[in-house]
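Letter by letter, the chains look like this.
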Amino acid sequence: MSFVQILEFDTKRSGEVETLMNEWRSQTMSTRTVKREVVAKHHNRPDHYVAIVEFSSYEEAQRNSKLPETDRFNAQMTKLCEGPIEFSDYDVIRDKS
């Protein structure tokens, strides 16, 4: 079963966050284990975002987390956010379209 990590964060620098995400995707094209990612902006809180990142398994998520590019991404992302990034880990138990 797949695994999902949800990141919640606040930023006034969404353009820079988008650029950082695109750079990470380019740098990890052949090594990342992300199956899918969705970033959403809160409808009523304009500086609040969630990123939903899907992996094939928890183990694949851990492998992705250990990439040096992911470490650099996290360090830079922290600087772009207002406060800490909240990470939540979920095992997917139902996935229907």
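Residues numbered from 1 in each chain as written. Predicted model: local features only at pLDDT ≥ 70, side-chain atom pairs only at ≥ 80, totals over all residues. Heavy atoms only, no water.

## Some words on the overall build of the chain
Then step 1. Secondary structure assignment for the chain yields 3 helices and 4 strands.
Then step 2. The helix and strand sequence of the chain, counted from the amino end, reads β-α-β-β-α-α-β.
Then step 3. When its C-alpha atoms are laid out on the principal axes, the chain stretches across 35 × 30 × 20 Å.
Then step 4. For the chain, the proportion of its 97 residues judged to be buried stands at 34%.
Then step 5. Nonlocal contacts in the chain, meaning residues at least 24 apart in sequence, comprise 72% of its contacts between residues at least 6 apart.
Then step 6. Carbon and sulfur atoms provide 48% of the accessible area of the chain, an area that totals close to 6600 Å².
Then step 7. One finds the centroid of the 14 positive side-chain charges in the chain at a distance of 3 Å from the centroid of its 17 negative side-chain charges. (Helix = DSSP H or I, 4+ residues; strand = E, 2+ residues; numbered from the N terminus. Buried < 20%, exposed > 50% of the residue type's maximum accessible area, 1.4 Å probe, protein only. Contact = heavy atoms within 4.5 Å. Areas by Shrake-Rupley, 256 points an atom, 1.4 Å probe, with all protein chains shown as cover. Lys, Arg positive; Asp, Glu negative; His and termini not counted. Charge placed at Lys NZ, Arg CZ, Asp CG, Glu CD.)

## Some remarks on the environment of arginine 25
Then step 1. Position of arginine 25 relative to the elements: it lies in helix 1 (residues 14–27).
Then step 2. Here arginine 25 falls in the partly exposed class, since its relative accessible area comes to 31%.
Then step 3. It is 27 Å that separates the C-alpha atoms of arginine 25 and isoleucine 93, two residues lying 68 residues apart in sequence.
Then step 4. Apart from residues no more than four positions distant in its own chain, arginine 25 is found in contact with Arg32 and Glu37.

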